[in-house]
Amino acid sequence: MGFWWVNHKQTFKHEIAGGYIWSPKTDKNGARNQAYINLTLTNVNDTVFSYADGNIKAVGRVAKKCQDHLRPNEFGDIGEQWDRDGWLVKVDWKLLKTPISPKAHISKIAPLLPTKYSPIRKNGNGNQKLYLAEISEVLAEVLFTQIRAENKELRV
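The following refers to the structure shown. Fair warning: this is a prediction, and the values are worked out from it, not measured in the lab. (Residues numbered from 1 in each chain as written. Predicted model: local features only at pLDDT ≥ 70, side-chain atom pairs only at ≥ 80, totals over all residues. Heavy atoms only, no water.)

Quick look at the pattern of salt bridges
- Under the criterion given, the structure shown has 4 salt bridges.
- The partner of D53 in a salt bridge is K57, and the shortest N-O contact between them spans 2.8 Å. (Salt bridge = Lys/Arg side-chain N within 4 Å of Asp/Glu carboxyl O.)

Dropping the structure here:
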């Protein structure tokens, strides 16, 4: 089972409501982008942590393998910056009643961040240029511990 962190401030509402994550296949200039390619590396039952506005707001399980998919129409004007050709991964999301702030727990999180393609910086600020990042099981467990501490009603 894999663990992923998605930075999707601009598309958070649409992706959570729609039960998916989506990215273009390449950058605007046609260059490959590992954060986009990562969608193709997800597997059914992988865990995805949803990060937007400085908080982890939802946790999901990959429900369906990555598929080719045009940019969702619900993105509207937000999506105009991205190519229409993309990838979509279906995710069963659970919204957190109490979002958690990685910045508030950065002393535990920072040493566990990936050295390359990190979803946030060592100071706890988001990495806006990175959409989907693979994270370690150890980091995922630290996040689960904080989520459970602040969301006792949630079973994750």
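A word on the sheet that holds strand β3 (residues 47-52)
- What the 6 strands build is an open sheet, ordered β2-β5-β4-β3-β1-β6; its pairing is mixed. Looking along the sheet, the strands with just one partner apiece sit at the ends: β2 (20-24) and β6 (132-135). Between one strand and the next, the sheet's axes are offset by a mean angle of 35 degrees, whatever the strand orientation.
- Of the pairings in the sheet, the one linking β2 to strand β5 (residues 85-100) comprises 5 bridges and is antiparallel in character. Each residue of the ladder has a partner; that of I21, found in β5, is V89.
- Set on the sheet, helix α4 (residues 137-150) makes contact with β1 (3-7), β3, β4 (55-70), β5 and β6; between it and β5 the angle comes to about 40 degrees. (Pairing = 2+ DSSP bridges. Helix = DSSP H or I, 4+ residues; strand = E, 2+ residues; numbered from the N terminus. Axes fitted to C-alpha atoms, helices over the stretch in contact; angles between N-to-C directions. Contact = heavy atoms within 4.5 Å.)

Remarks on unusual backbone geometry
- Phi at N45 is positive, roughly 80 degrees, even though this residue is not glycine.
- Within the secondary structure, N45 sits in the loop between α2 (34-41) and β3.
- Taking relative accessible area as the criterion, N45 reaches 47% and is therefore assigned partly exposed.
- We note that D53 has phi near 55 degrees; this positive angle belongs to a residue other than glycine.
- Looking at the secondary structure, you find D53 in the loop between β3 and β4. (Buried < 20%, exposed > 50% of the residue type's maximum accessible area, 1.4 Å probe, protein only.)

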